[in-house]
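Analysis of the macromolecular model
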Amino acid sequence: MDALSDVLTICRSERAVTARFALTAPWGLASEGTPGAVIRLARGAPYWMQIEGQPPQSIAAGDLVMVSPGVRHRLGSNPDACATPFAELIARHAIGPRGERPLVFAHGGGGAFTDLYSTQLWFSAFSRHAVLRILPPCIHIRDVELSLANSLATTMQALTEETLLQRPGWRLSAARMGELLLVNLLREHMASEGAGTGWLRGIVDPAIARAISHIHRRPQENWTVASLAREAGMSRTRFSARFKNLVDASPIGYLHAHRMALAAEALEIEGRPLARIAQDAGYESDKAFARAFQRWSGLTPFGYLKHELERRSRVGFD
């Protein structure tokens, strides 16, 4: 049973915004955090990156870095480089509506050259709530440590270069390549850094992984702790304790959060009636569902949809 595939099978990248920056030392860039996950690859001279609240780290040519949504960070030719806000450079160099075309610009003082490829991936609601939410602020895959890193870097570079050409179908191609990058980055992160948190820890345990897979394959089923324990081949008490210890949520709590993430995605992209979404989430009335959804997200279903539409208008690298 491939639990990671079962979890990620509905993980979808809706769009990708790509960029290529020609940077010459000394240079520095500052990001206030982006709505999407940003994946970066550099060729040429190495650079430094500092996630807010963490010490700076050196990024070598060929390394892959993924920064989670909303994470403030700085890039530079050295740790103390004066940083120009991304927003300022985007306003100066972007062509057409924001996020609609690949971004290209040169920046810096004319010294050592760093060719920086960047892709911001706009993931579906399920991906944001069930996947990106449990990831660390930054995933750093070092080229010298993992054999797969080089092939992933090649994929990343090809994605950026292809979108810069804007051939027919480039938007769909970029989104699908982005999904491929996310799956492989997660796999390599788990192999190099350990299981992580949430369901990432659960799927490395065969018994708990079986229960998680059944939840993802049949979320509408009337699951109970007892029925999930049977699928895991464990007693109810032992299963509940082990699930809670690994996933940091009760089995029914995880099921509820999974259904809410699917409902959020349905609200955003499918346009189905609220009553149908409520039914699919296991609620007999849309009012009961709306109350549960508000407890989960902090917003009513329609308030959540309005918030997400506003967020989509902020696509960019700043």
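The sections below set out a description of the structure shown in this document.

**Thoughts on the overall build of the protein**
Tallying secondary structure elements over the protein gives 13 helices and 11 strands in all. For 318 residues, the compact-globule estimate of 2.2 N^0.38 gives 20 Å, and the C-alpha radius of gyration of the protein, at 21 Å, lies within 12% of that figure. Overall, the protein is about 65 × 40 × 40 Å in size when its C-alpha atoms are taken along their principal axes. For the protein, with 318 residues in total, the buried portion stands at 51%. Counted over contacts in the protein with a minimum sequence separation of 6, partners at least 24 positions apart contribute 77%. For the protein, the exposed area adds up to about 14300 Å²; of that, 52% sits on carbon and sulfur atoms. Seen as two clouds, the 36 positive and the 30 negative side-chain charges of the protein have centres 4 Å apart.

**Comments concerning the pattern of salt bridges**
Summed over all chains, the structure comprises 8 salt bridges. As a salt-bridge pair, arginine 128 and glutamate 268 come within 2.5 Å of each other at their nearest N and O atoms. Here glutamate 268 lies in helix α10 (residues 251-269) and arginine 128 lies in helix α3 (residues 125-131), a separation of 140 residues in the sequence. With respect to class, arginine 128 is no different from glutamate 268; both count as buried. One connected set of salt bridges, linked through shared partners, spans Glu32, Glu52 and Arg72.

**Regarding the pairing of strand β2 (residues 28-31)**
Alternating residues of β2 divide into Gly28 and Ala30 and Leu29 and Ser31, and every residue in both groups is buried. Sheet topology note: the β2/strand β7 (residues 73-76) ladder contains 4 bridges and is antiparallel. Bridge assignment links leucine 29 to a residue of β7, and that residue is leucine 75. Across 2 bridges, β2 lies against strand β8 (residues 84-85) in parallel orientation. Bridging from a neighbouring strand, leucine 29 pairs with threonine 84 of β8.

**Some details on the sheet that holds β2**
Across the sheet, which stays open at both edges, the 5 strands sit in the order β5-β4-β7-β2-β8 with mixed pairing between neighbours. In this open sheet, the two edge strands, each paired with only one partner strand, are β5 (57-59) and β8. When strand β4 (residues 47-51) meets β7, the two strands line up antiparallel, connected through 4 bridges. Across the sheet, isoleucine 51 pairs through a bridge with histidine 73, a residue of β7.

**Considering the side chain of arginine 128**
Given a relative accessible area of 12%, arginine 128 falls into the buried group. Polar contacts involving the side chain of arginine 128 include one to the main-chain carbonyl oxygen of phenylalanine 123, which spans 2.8 Å.

**Details of helix α8 (residues 225-232)**
Within the sequence span of α8, burial applies to Val225, Ser227, Leu228, Ala229 and Ala232. Looking at the buried side of α8, the elements it contacts are α7 (206-217), α9 (236-247) and α10.

**Thoughts on the packing of α7 against α10**
Following both chains from N to C, one finds α7 and α10 inclined at 30 degrees, their axes separated by 10 Å at the closest point. The interaxial crossing formed by α7 with α10 has right-handed handedness. Residues Ile212, Ile215 and His216 of α7 touch α10, and the partners they reach there are Pro251, Tyr254, Leu255 and His258. Across the contact of α7 with α10, the residue classes tally to 5 nonpolar, 2 polar and no charged.

**What to know about the environment of valine 67**
With respect to the element layout, valine 67 can be found in strand β6 (residues 64-67). Here valine 67 falls in the buried class, since its relative accessible area comes to 1%. Those residues in contact with valine 67 that sit more than four places away from it in its chain are Gly36, Ala37, Val38, Arg40, Met49, Ile51, His73 and Pro137.

**Considering the side chain of aspartate 63**
Structurally, the position occupied by aspartate 63 is in the loop between β5 and β6. Within the buried set, aspartate 63 has no salt-bridge partner at all; the shortest N-O distance to an opposite charge, 4.2 Å, is to arginine 142. A distance of 2.8 Å separates a polar atom in the side chain of aspartate 63 from a polar atom in the side chain of histidine 140. Reaching out from aspartate 63, the side chain makes a polar contact with the backbone nitrogen of aspartate 143 at a distance of 2.9 Å. In this structure aspartate 63 touches Arg40, Leu41, Ala42, His140, Ile141, Arg142 and Asp143, once residues within four positions along its chain are discounted.

**A look at the packing of aromatic side chains**
A full pass over the atoms with the stated rule returns 9 aromatic pairs. With a centroid separation of 6.1 Å and an interplanar angle of 45 degrees, the aromatic rings of tryptophan 27 and tyrosine 47 are classed as tilted. With tryptophan 27 in the loop between β1 (13-24) and β2 and tyrosine 47 in strand β4, this residue pair connects regions lying 20 residues apart in the sequence. Taken individually, tryptophan 27 and tyrosine 47 each receive the classification buried, so the pair is uniform in this respect. Ring-pair connections join several aromatic residues into one group, and the members of that group are Tyr283, Phe289, Phe293, Trp296 and Tyr304.

Rules used in this analysis
- Each residue is numbered by its place in its chain's sequence as written, counting from 1.
- Totals for whole chains, interfaces and linings use every residue, but because this is a predicted model, local features are given only for residues with pLDDT of at least 70 and side-chain atom pairs only at 80 or more, for both listing and counting.
- Only hydrogens and water are set aside when side-chain values are computed; all heavy atoms of the structure are taken into account.
- Each helix is a run of DSSP H or I of at least 4 residues and each strand a run of E of at least 2, with the numbering of both proceeding from the N terminus.
- For the radius of gyration, the atom set is restricted to C-alpha positions; the globular benchmark scales as 2.2 Å times the number of residues to the power 0.38.
- Partly exposed residues are those whose accessible area sits between 20% and 50% of the maximum for their type, while under 20% is buried and over 50% is exposed, using a 1.4 Å probe and protein chains only.
- The contact criterion used throughout is that any non-hydrogen atoms of two residues lie within 4.5 Å.
- Here the Shrake-Rupley method, with its probe set to 1.4 Å, supplies the accessible areas, and only the displayed protein chains count as covering residues.
- When charges are tallied, Lys and Arg are placed among the positive residues and Asp and Glu among the negative ones, while His and the ends of the chain are skipped.
- Note on charges: their place is set at NZ of Lys, CZ of Arg, CG of Asp or CD of Glu.
- Each salt bridge in this description consists of a side-chain nitrogen of Lys or Arg and a carboxyl oxygen of Asp or Glu lying within 4 Å of one another.
- Two strands are said to pair when DSSP picks up at least two bridges between them.
- Two N or O atoms form a polar contact when they lie within 3.5 Å of each other; inside protein one atom must be a possible hydrogen donor and the other a possible acceptor, and for residues adjacent in sequence the pair counts only when both atoms belong to side chains.
- To get an axis, a line is fitted to the C-alpha atoms, and for a helix only the part in contact is used. The angle between two axes follows their N-to-C directions and goes from 0 to 180 degrees.
- If you view the pair so one helix is near and one far, a crossing is left-handed when the near helix is turned anticlockwise from the far one by less than a right angle, and right-handed when it is turned clockwise.
- Classes in brief: Ala, Val, Leu, Ile, Met, Phe, Trp, Tyr, Cys and Pro nonpolar; Asp, Glu, Lys and Arg charged; the others, Gly included, polar.
- Within 6.5 Å between ring centres, the rings of Phe, Tyr and Trp (the latter by its six-membered ring) count as paired, and their orientation is classed by plane angle as stacked under 30 degrees, edge-to-face over 60, tilted in between.

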